[in-house]
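# Geometric and topological summary
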Amino acid sequence: MAKLYFLFSLFSVSFFFSQKKDSATLISEVQIDAYKKSTPFMVSTKSVSVVSKNLLNQNTPERMLESVNQIAGARMEERSPGSYRISLRGSTLRSPFGVRNVKVYFDDFILSDASGNTYFNLISPELIDKIEIYKGPESGDYGAVTGGTLLLKTKDSENLSANFAIGSYGTFNQSFDVSKQLGKHFVEVFQNYYRTDSYREQSAVERKQIFIKDNFQYSKKGLLKAMLLYSDLDYETPGGLTLEQMQANRKQARPSTATLPGAKEQNAGIQNKMILAGLSHEFYISPNFSHFILVQGSYVDFENPFITNFENRFEKNFALRTHFNYEKNWNKIALAYRFGFEGGINDILIKNYDNNKGIEGNPQNFDQIKNTSGFYFLSQKLNFNEKLFTDISISLNSNSYEFERLFPTSENGNVKFKNQWLPNFGLTYLFVKGFSIRGKIGKGNSAPTNEEIRSSNQQFNVNLVPEYGWNKEIGIRKQFGNSIFIEGSYFNFRMKDAIVRRQNEAGQEYFVNSGETVQKGVEVLLESKNFNLKNDIFSNFKFRFSGSFYQFKFENYKQDNKDFSGNDLTGVPRTTINSLLSFTFLKKLSIDYSHFYTSKMPLNDANSVWSESSLVGNIQFRFPIDFEKTRLNLYLQIQNLYNTDYVLGFDINAFGNRFYNPAAKRNFVFGVNLNF
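Notes on the structure follow. This one's a predicted model, so the numbers in the text were calculated from it and none came from an experiment.

## Section: the overall build of the protein chain
- A tally of regular secondary structure across the protein chain gives five helices and 39 strands.
- The globule rule puts the C-alpha radius of gyration for 676 residues at 26 Å, and the 25 Å found for the protein chain is close to it.
- The buried share of the protein chain, reckoned over its 676 residues, is 60%.
- Taking the contacts inside the protein chain whose residues are at least 6 apart along the sequence as the reference set, 65% of them involve residues at least 24 apart.
- Accessible area for the protein chain stands at about 27,100 Å²; split by element, carbon and sulfur atoms hold 58% of it.

If you want it as structure tokens, here you go:
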């Protein structure tokens, strides 16, 4: 089947080149935000990819996995439904779950907390209209991360729609969205309910979400934005299996042992409620000078019945961002400056109890952690004659935390990491329209998050230090005629004091600094426009291919008496290749045919256990039915079309070789989207 698919892909591409060109908007003319500074994609100095609405349509209702995984250098993993990780160039090395070492913004606002942790799974995919993915350290506007940055965008145009879907394993999804211009106000209200029993035992998911925003353009000079998000996520965690357990029964949850109960017996899972609210204000003091400020706060109520304990976490977060902007255009020169500050406070009370089959038992440890982080940043963009584009930025980053043990003993302390100057320089030269070359060099720094400072072994790891490193890369973007766009990039990232996850005998994780890593890679993208074939039967066609080819190695890395220097980086595949073929038949029926190939990867630092490579195919059918004022879009998604046995998220360095979280076999989602 895979060979037939690749032959069909080559035939489709050759057929495409024999046709006439389309006149729609060029791929190279996509605008990226680059944090409130719109820039044409072709001349951007950044290593950025855009997840368009077309790619977002590939998602199933509960996750953004299919669309993110179409991006070269980005990889979204699913350990179990509701438990997601995002890796940008291998950044999940330190993430047992959730998103770390990746900064996430949500419209104007900040989804990541002050310690660097992000509850990405609280966001419904249907709320997002566009994603910009910045790979590697950026510093400047985005601060201190070595993995990268995500900008999530909600709708900016009027819409009235409702969505209903059912699927395999008791899946049900319902959402409603209205966005409308009301005088000087642009208002959006979004509501979502999702549930599924899922493929494995002890892996049911339920999510409820409400989102409200108001963009108030009270004058030509001023824009005030308000946002409120409430999300209630409840998902069970089946736990990792050994290879023998997975081969015996892929659907089972982690079984009990002679010394520890199983995941189902302990009712293992996570209940996470978050409310996030914020205000932002942008004001043009003059045509060239403007000011931006945002304030936001959030509260998180987090429960985690685990094999060995029952954890309650209560988080209070506050963040502030402000910057002044100056722009000036002359005859052949355009100059822009931005100077500002972003900071946050993350205050957490953590209570651990014995877990009596999903019920709180005797207390174990009560702790308080307060993390404070912030950075000052200065960036300059200079454009010479619409040919040479430069982007120079620097940020001064600080991070510290205080901790206190409240029960059963008394202990306290504080750690302040050394302030870091993080420079970043990028340059793009546009030779002719549709052909540019870029170069970039930058330094990143990523402090340990609260969940790494005080991980599930309930010990304070005051010896853990930030990881840091320099990234160098070059890239080329080329548009052929009016139809084909190709992008390629090569990067070389050297990271020191890399943070790596470990597990003890009870399955509790802890983290260590692992020495140095050398991360080299090539990322490519080949994409066409949506091509009108002027044929009533075979009406439209477009394609997209992307790939990542990595050589990530540990360098200078010793663990106890073992030397792992030269080993492949844990949990990172050397090769991923993704494709999407989109067809339209009879000017109505749309078919999206996608594939995801992942090569084998090491599952432990010793490289003694490797995963199997996998090829997973999905297909989606969409058919619109028009009434007077309503369009009804029917869709059918078939996931894992070839019924592949594969794992979508491994537990790396897992104790007892419990690396495996089996993914679902062939399954479907059928739904209807109503646009009024």
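More follows now that the structure is in view.
## Observations regarding the sheet that holds strand β11 (residues 148–153)
- If you trace the five strands from one edge of the open sheet to the other, you get β3-β10-β11-β7-β8, paired in mixed fashion. Both outer strands of the open sheet, β3 (48–51) and β8 (109–110), are each paired with one neighbouring strand and no more.
- Bridge count for strand β7 (residues 102–106) against β8 is two bridges, and the pairing is antiparallel. Bridging from a neighbouring strand, F106 pairs with F109 of β8.

## Some thoughts on a nonpolar patch on the surface
- Residues V189, I210, I212, L228, Y230, I275 and Y299 make up a contiguous nonpolar surface patch of about 540 Å² in total accessible area.
- Only β15 (205–216) and β16 (222–236) provide two or more residues apiece to the nonpolar patch.
- Looking at the element boundaries, I212 is found in strand β15.

## Quick notes on unusual backbone geometry
- Cis rather than trans, the peptide bond between F407 and P408 has omega equal to 5°.
- By the element assignment, P408 lies in the loop between β22 (388–407) and β23 (411–416).
- The phi torsion at R89 lies on the positive side, around 55°, for a residue other than glycine.
- Within the element layout of this structure, R89 appears in the loop between β5 (83–88) and β6 (99–100).
- Exposure remark for R89: the relative accessible area of 6% places this residue in the buried category.
- Even without being glycine, S139 reaches a positive phi, approximately 45°.
- One can find S139 in the loop between β10 (130–135) and β11.

## With respect to the environment of M601
- Note that M601 resides in the loop between β36 (589–598) and β37 (614–626).
- For the pair M601 and V572, spaced 29 residues apart in sequence, the C-alpha separation works out to 5.7 Å.
- Setting aside anything within four residues of it in sequence, one finds M601 in contact with R75, G571, V572, P573, V609, W610, S611 and F650.

## Quick look at the pairing of β22
- Note that strand β21 (residues 360–384) and β22 share 19 bridges and pair antiparallel. Paired with G374 across the strands is S398, a residue of β22.
- Counting the residues between successive antiparallel strands, the hairpin from β21 to β22 contains three residues, one of them, N385, with a positive phi of roughly 55°.
- Bridge count for β22 against strand β24 (residues 420–432) is ten bridges, and the pairing is antiparallel. Residue pairing across strands places S393 opposite N424, the latter belonging to β24.
- Alignment of β22 against β23, held across six bridges, turns out to be antiparallel. Residue pairing in the sheet places Y401 in a bridge with V415 of β23.
- The antiparallel pairing of β22 with β23 creates a hairpin that spans three residues between the two strands.

## Some thoughts on the environment of L127
- Mapped onto the elements, L127 comes out in the loop between β9 (117–118) and β10.
- Through-space distance from the C-alpha of L127 to that of F190 is 7.0 Å; in sequence the pair is 63 residues apart.

## Focus on the packing of aromatic side chains
- Going through the model one piece at a time under the given rule, you end up with 32 aromatic pairs.
- With a centroid separation of 6.3 Å and an interplanar angle of 50°, the aromatic rings of F172 and Y193 are classed as tilted. Of this pair, F172 sits in strand β13 (residues 171–182) while Y193 sits in strand β14 (residues 185–196), placing them 21 residues apart in sequence.
- You can call Y193 partly exposed: its relative accessible area is 21%.
- Each residue in the set F538, F541, F543, F545, F583 and F585 is aromatic and connected to the rest through ring pairs, giving one cluster.
- Between the NZ or CZ atom of K478 and the centre of the ring of F480, over which it lies, the distance is 5.5 Å.

## Thoughts on the pairing of β24
- Strand direction decides the pairing type here: β24 and strand β25 (residues 435–446), joined by eight bridges, are antiparallel. The partner of L430 across the bridge, within β25, is S436.

## Comments concerning the nonpolar core
- Among the nonpolar cores identified, the biggest contains 68 residues, and F106, F120, I128, I131, I133 and L150 are the most heavily contacted of them.
- If near-sequence neighbours (up to four positions away) are discounted, I131 is found in contact with S49, V50, V51, L56, M64, L150, L151 and L152.

## A word on the side chain of N312
- For N312, the location among the structural elements is in strand β19 (residues 310–329).
- Residue class for N312 comes out buried when judged on its relative accessible area of 5%.
- The residues contacting N312, other than those within four sequence positions of it, are F302, E303, L349, I350, K351, Y353 and E360.

## So, the pattern of salt bridges
- Across all of its chains, the model carries 42 salt bridges by this definition.
- Here R89 ties to E523 by a salt bridge, and the two come within 2.9 Å at their closest N and O atoms. One end of the pair, R89, is in the loop between β5 and β6; the other, E523, is in strand β30 (residues 516–528), with 434 residues separating them in the sequence.
- Through salt bridges with shared partners, one network takes in R100, E311, R313, E315, D367, R405, E451, E452 and R454.

## Thoughts on the environment of K443
- As for its placement among the helices and strands, K443 is situated in strand β25.
- Exposure remark for K443: the relative accessible area of 14% places this residue in the buried category.
- When the C-alpha atoms of K443 and M495 are compared, they prove to be 9.6 Å apart, with 52 residues separating the residues in sequence.
- With residues near it in sequence (within four places) discarded, K443 still touches P137, S139, Q420, W421, L422, P423, Y468, G469 and W470.
- Among the polar contacts listed, one links the side chain of K443 to the side chain of Q420, at a separation of 3.4 Å.

How each quantity is defined
Residues numbered from 1 in each chain as written. Predicted model: local features only at pLDDT ≥ 70, side-chain atom pairs only at ≥ 80, totals over all residues. Heavy atoms only, no water. Helix = DSSP H or I, 4+ residues; strand = E, 2+ residues; numbered from the N terminus. Rg over C-alpha atoms; globule rule 2.2 N^0.38 Å. Buried < 20%, exposed > 50% of the residue type's maximum accessible area, 1.4 Å probe, protein only. Contact = heavy atoms within 4.5 Å. Areas by Shrake-Rupley, 256 points an atom, 1.4 Å probe, with all protein chains shown as cover. Pairing = 2+ DSSP bridges. Patch = residues over 30% accessible without salt bridge, like charges linked within 9 Å, V, L, I, M, F, W, Y side chains within 5 Å. Salt bridge = Lys/Arg side-chain N within 4 Å of Asp/Glu carboxyl O. Phe/Tyr/Trp six-rings, centres within 6.5 Å; stacked < 30°, edge-to-face > 60°. Lys NZ or Arg CZ within 6 Å of the ring centre and 35° of its normal. Core = buried A, V, L, I, M, F, W, Y, C linked by side-chain atoms within 4.5 Å. Polar contact = N/O pair within 3.5 Å; in protein donor to acceptor, adjacent residues only side chain to side chain.

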